[in-house]
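Residues per chain, in single letters:
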Amino acid sequence: MLSFEKMPGVFSYESSAVDWCEDNYKHSDNVVEYFNTMSNFVFFVVAPIMLYLMHPYARERNLAIHLVWLMMIFVGLFSVYFHMTLSFVGQMLDELSILWVLAIGYSLWFPRKHFPSFVRDRTSFSRLVLVITATSTVSSFIKPTANAYALNCFALHILYSVCMELKGCTDQRVLRLAWASFGLWVLAISCWISDRFGCSFWQKINFCYLHGIWHILIVVATAYGSTLIAYLDASVEIPHSLPDLQYWPQDSWALGLPYIVLKSHTKTRKRC
Ligand SMILES: CCCCCCCC/C=C\CCCCCCCC(=O)N[C@@H](CO)[C@H](O)/C=C/CCCCCCCCCCCCC
Ligand SMILES: [Ca+2]
Ligand SMILES: [Zn+2]
């Protein structure tokens, strides 16, 4: 029988043009980048907790919101597969799953006041996002090494959009969440860039774990950033539910996971 390792072409080990700083096969003959693979455990811890915490908000606003953290579980699985094999298929699954999480986030949360003038409502906007994402999925095969950079540009657009939404906001809890999200993202992207471009330095000091640390930080940044975006959305779309921010497991803890509580539950579900 043909083992995965010996499969030809795009499935084969190290068929991806991308190779992260961590030494290959250092801890196992079957796992190319051991720490980068194992660090994905954070997806499988944070995603179920966020699914649970965001349920009251999703039930009130739109159950499709759960797709964001459900898809994040797939991002984690594909990331495990990618770092375990460094195969081309692994790379594409890892990157394309991130693209589709972003697409779901944009469809659900992009503020309707910023929709292009030819877009009537959120359903039409979601269709537009679907077409653009499907086209980008196909185009991603043209120059696969550019995909990760293109994905990181979305983070810049999200930051810009959130800044626009926060203009004039004086709520200290919201501003604290915004700064925490931004700080986590800056730390995460610094690790990603440093692993990519400063590998010779990290190899000299025998510390090649920055991409794994990026995995941990970007998942937490996504939990913080997506809750902030969801809160801003809830304030506009379901203000009658009186959304507020809290932290799990203890509201007083500085390092908890943020989520939305609805202080008033309504029977009528508002759809977009
Ligand atoms: C109005 C818009 C709402 C958008 C909602 C936000 C949805 C979050 C989207 C994506 C989650 C990011 C998951 C990262 C997975 C990491 C896997 C990985 O490491 N892949 C690498 C290869 O192993 C690959 O090189 C990485 C590519 C870059 C990915 C860039 C992702 C953009 C992250 C956006 C984070 C938002 C933070 C918000 C802060 C205010
Ligand atoms: Ca490597
Ligand atoms: Zn990775």
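- Under an unreviewed UniProt entry, the chain has the name Alkaline ceramidase and belongs to Electrophorus electricus.
- In its Function (unreviewed entry) section, the UniProt record describing the chain reads: "Hydrolyzes the sphingolipid ceramide into sphingosine and free fatty acid."
- Reading the Cofactor (unreviewed entry) entry of the UniProt record for the chain gives the comment "Zn(2+)".

A word on the pairing of strand β2 (residues 257–262)
Turning to step 1, where the next piece is worked out: With respect to burial, β2 is a largely interior element, 6 of its 6 residues being buried.
Turning to step 2, where the next piece is worked out: On β2, burial covers both faces: Leu257, Tyr259 and Val261 on one face and Pro258, Ile260 and Leu262 on the other are all buried.
Turning to step 3, where the next piece is worked out: Pairing geometry for strand β1 (residues 243–248) and β2, over 6 bridges, is antiparallel. In the sheet register, leucine 245 faces β2, and the bridge partner there is isoleucine 260.

Focus: the coordination of the zinc ion (ligand 3)
Turning to step 1, where the next piece is worked out: In the first shell of the zinc ion (ligand 3), the protein supplies His83 (NE2), His211 (NE2) and His215 (NE2), at 2.0 to 2.1 Å from the metal.
Turning to step 2, where the next piece is worked out: Read from N- to C-terminus, the donor residues coordinating the zinc ion (ligand 3) fall into the pattern H-x127-H-x3-H. Highlighted residues: histidine 211 and histidine 215, both in helix α10 (residues 210–237), separated by 4 residues, approximately one helical turn.
Turning to step 3, where the next piece is worked out: Classification of histidine 215 as buried rests on a relative accessible area of 3%.

Some points on the pattern of salt bridges
Turning to step 1, where the next piece is worked out: Going through the model one piece at a time under the given rule, you end up with 6 salt bridges.
Turning to step 2, where the next piece is worked out: Across the pair glutamate 237 and arginine 122 runs a salt bridge, and its minimum N-O distance is 3.7 Å. Here glutamate 237 is found in helix α10, whereas its partner arginine 122 is found in helix α6 (residues 122–139), with 115 residues between them in sequence.
Turning to step 3, where the next piece is worked out: Salt-bridge contacts for arginine 173 lead to aspartate 251; the nearest nitrogen and oxygen are separated by 3.0 Å. With arginine 173 in helix α8 (residues 172–197) and aspartate 251 in the loop between β1 and β2, this pair connects stretches of sequence that are 78 residues apart.
Turning to step 4, where the next piece is worked out: According to the relative accessible area criterion, arginine 173 is partly exposed, its value standing at 30%.
Turning to step 5, where the next piece is worked out: The exposure class assigned to aspartate 251 is partly exposed, which follows from its relative accessible area of 33%.
Turning to step 6, where the next piece is worked out: Through salt bridges with shared partners, one network takes in Arg112, Arg122 and Glu237.

Overview of the nonpolar core
Turning to step 1, where the next piece is worked out: Val46, Met50, Tyr57, Trp69, Trp109 and Ile260 are the most contacted members of the largest nonpolar core, which totals 66 residues.
Turning to step 2, where the next piece is worked out: Per element, the largest residue contribution to this core is 14 residues, and it comes from α10.
Turning to step 3, where the next piece is worked out: Non-local contacts of methionine 50, meaning those with residues more than four positions away in its chain, are made with Trp69, Ala223, Thr227, Leu257 and Pro258.
Turning to step 4, where the next piece is worked out: Core analysis: the next-biggest nonpolar cluster, separate from the first, contains 7 residues, Tyr106, Phe115, Phe125 and Val129 among them.

Some points on the packing of helix α7 (residues 147–166) against α10
Turning to step 1, where the next piece is worked out: Between α7 and α10, the least distance of the axes is 12 Å, while the angle of their chain directions is 35°. The two elements α7 and α10 meet at a crossing, and its hand is left-handed. Residues Asn152, Ile158, Val162, Glu165 and Leu166 of α7 form the contact with α10, whose participating residues are Trp214, Leu228, Ile229 and Leu232.
Turning to step 2, where the next piece is worked out: Tallied by class, residues from the contact of α7 with α10 come to 7 nonpolar, 1 polar and 1 charged.

Description of the UniProt feature "transmembrane region" (unreviewed entry) in the chain
Turning to step 1, where the next piece is worked out: Under the UniProt annotation, "transmembrane region" (unreviewed entry) lies at residues 34–53, 65–84, 96–112, 174–193 and 213–232.
Turning to step 2, where the next piece is worked out: Across residues 34–53, helical content stands at 90% and strand content at 0%; the span's end C-alpha atoms are separated by 31 Å.
Turning to step 3, where the next piece is worked out: Spanning residues 213–232, this segment combines 100% helix with 0% strand, and its end C-alpha atoms are found 29 Å apart.

A short note on the side chain of histidine 211
Turning to step 1, where the next piece is worked out: Judged by its relative accessible area of 4%, histidine 211 falls in the buried class.
Turning to step 2, where the next piece is worked out: Excluding residues within four positions of it along the chain, histidine 211 makes contact with Trp20, Asn36, His83, Trp192 and Asp195.

Observations concerning the UniProt feature "binding site: Ca(2+)" (unreviewed entry) in the chain
Turning to step 1, where the next piece is worked out: The UniProt feature table records "binding site: Ca(2+)" (unreviewed entry) at Asp19, Trp20, Glu22, Asn24 and Glu33.
Turning to step 2, where the next piece is worked out: Of note, asparagine 24 is situated in the segment before α1 (34–38).
Turning to step 3, where the next piece is worked out: Apart from the residues lying within four places of it in its own chain, the contact partners of asparagine 24 are Glu14, Asp19, Val32, Glu33 and Leu86.
Turning to step 4, where the next piece is worked out: Side-chain polar atoms of asparagine 24 contact the side chain of aspartate 19, separated by 3.0 Å.

About the cut-offs
Residues numbered from 1 in each chain as written. Chains lettered and ligands numbered in written order. Predicted model: local features only at pLDDT ≥ 70, side-chain atom pairs only at ≥ 80, totals over all residues. Heavy atoms only, no water. UniProt positions renumbered as here; feature names shortened; annotations may be inferred. Buried < 20%, exposed > 50% of the residue type's maximum accessible area, 1.4 Å probe, protein only. Helix = DSSP H or I, 4+ residues; strand = E, 2+ residues; numbered from the N terminus. Pairing = 2+ DSSP bridges. Donors = N, O, S within 2.8 Å, 3.2 Å for Na, K, Ca; no water. Salt bridge = Lys/Arg side-chain N within 4 Å of Asp/Glu carboxyl O. Core = buried A, V, L, I, M, F, W, Y, C linked by side-chain atoms within 4.5 Å. Contact = heavy atoms within 4.5 Å. Axes fitted to C-alpha atoms, helices over the stretch in contact; angles between N-to-C directions. Left-handed = near helix turned anticlockwise from the far one by under 90°. Nonpolar A, V, L, I, M, F, W, Y, C, P; charged D, E, K, R; others polar. Polar contact = N/O pair within 3.5 Å; in protein donor to acceptor, adjacent residues only side chain to side chain.

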